[in-house]
Amino acid sequence: MIIKSKRVWGESTFSPAALLIENSKVAKWLPYDSKADVDYNNHMIIPGLIDIHTHGGFGCDAIDTDEQGIKTWVKGVTKFGTTSLLVTTFSCSHQTQIKSIENVVNVVNDGYSGAEILGIYLEGPFLGTEYVGGMDIKYIINPDIDEYNSYHKVADGLIKICAVAPEKPGAAEFIDHLVKLNVIPTAAHTAATFEQINEANKHGLLNMTHTYNCMSPLKHRDPGCVGAAMLNDNLYAELICDNSMVSVPACKILAKMKGKEKLILVTDSLALQGMPPGIFDCGGFCAEVTQDGSVKEVGTGMYLGSTLGLNNILRIAVQLCEMDLETAINASSYNAARLLNIADKKGRILPGYDADIAVFDDDFNTIQTYCKGVSQL
Ligand SMILES: [Zn+2]
């Protein structure tokens, strides 16, 4: 198959080109005037989006759903241009965590269509309690290698990222243990100091979970997790760039600090991602999805999250936060691939790479999504 456009993303700019796709890979860049099966004209062809931090969508989430729910969800996100993701769990009982992991393993073994499941991100239970956010505090525990191993045993190598609060007793040994198992430690829901984050980084902490949200803030004599996320160039920093969870100026500051290599846009979505306006049950809350896509508790009006897909987050990054395209596009694909150590096959549209491709109009509305060369819409 050959697709083409006047705007195909290389490594830092668009150029007119045709792409030969063979055996689920990008085989070759061809001149734009080549005969193509689909001509996308002036639409943007960019690397398929990679959402490393997403708890659910299309009525399903990682904890409450079954195998069919996961299949519905990963198929659904292709309408956002998302071509791969990490199924992200959160703090819950031991049995529920095990069951959630087993569901993912079964789906991967069974086969499915849609965005590729790259693995599992455990956001909990090894968190702090000072910045608990939406997590249920009764399931939060200190770093515990035996407990982690019980998850790892059933995960069949699928756990790629595990969250930890670096200030908790045993965190350094816990991080060492994750690194030995090739699992990426990330700091989440944490009251760690600036120094504790940098010390954890020396042990192998590599990522900051939804930077700004649920972590110690930057103060002038106590720069906290946020300060460490900004200043330590070894750390990747996730950002919920939605203009709700994080304001536009705060997004701009983080993008400026992390540059084009270390920022990762995430949705942190819940089951209501992709749902139309209406009233739904959302993790025990009676929630209303409003016209603008935000999710609020009925009665109190408390903000619970949004229904935005990663393409919407990318649009906000470019149009409201005025990130340059290279920073924003890297942050929605290539940087995630680098964090996950798969940047030799994902995150770029280059010969030999998986044909994971998003086609967007100027407002980042999805025209088509290809997962390993297969059109999804
Ligand atoms: Zn989360």
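The structure this text deals with has already been given above.
Thresholds, definitions, all that
- Residues numbered from 1 in each chain as written.
- Predicted model: local features only at pLDDT ≥ 70, side-chain atom pairs only at ≥ 80, totals over all residues.
- Helix = DSSP H or I, 4+ residues; strand = E, 2+ residues; numbered from the N terminus.
- Rg over C-alpha atoms; globule rule 2.2 N^0.38 Å.
- Buried ≥ 20, exposed ≤ 12 C-beta atoms within 10 Å, placed from the backbone.
- Pairing = 2+ DSSP bridges.
- Axes fitted to C-alpha atoms, helices over the stretch in contact; angles between N-to-C directions.
- Parallel < 35°, antiparallel > 145°, perpendicular 65-115°, else oblique.
- Left-handed = near helix turned anticlockwise from the far one by under 90°.
- Contact = placed C-beta atoms within 7 Å.
- Nonpolar A, V, L, I, M, F, W, Y, C, P; charged D, E, K, R; others polar.

## As for the overall build of the protein chain
Summing up its helical and strand segments, the protein chain has nine helices and 22 strands in all. Taken over C-alpha atoms, the radius of gyration comes to 20 Å for the protein chain, in line with the 21 Å a tight globule of 377 residues would show. Along the three orthogonal principal directions, the C-alpha set of the protein chain runs to about 60 × 45 × 40 Å. Counting every position in the protein chain, which comprises 377 residues, the buried fraction comes to 52%.

## Some points on the sheet that holds strand 17 (residues 285–289)
Across the sheet, four strands lie side by side as 16-17-18-19; this open sheet has antiparallel pairing. With one partner strand each, in any of the chains shown, strand 16 (278–282) and strand 19 (303–306) form the two edges of the open sheet. Adjacent strand axes in the sheet meet at a mean angle of 30° when their direction is disregarded. As paired elements, strand 17 and strand 18 (residues 294–297) share three bridges and run antiparallel to each other. Pairing of alanine 287 across the sheet is with glutamate 297, part of strand 18.

## What about the packing of helix 8 (residues 310–320) against helix 9 (residues 325–339)?
Each pair of packed helices can be described by the angle between their axes along with the distance between the axes. Here helix 8 crosses helix 9 at 160°, and the two axes come no closer than 10 Å. Relative to helix 9, the element helix 8 is oriented roughly antiparallel. The interaxial crossing formed by helix 8 with helix 9 has right-handed handedness. For the pair helix 8 and helix 9, the contacting residues are Leu310, Leu314, Ala317 and Val318 in the first and Leu325, Ala328, Ala331 and Ser332 in the second. For the contact of helix 8 with helix 9, the residue count by class is seven nonpolar, one polar and no charged.

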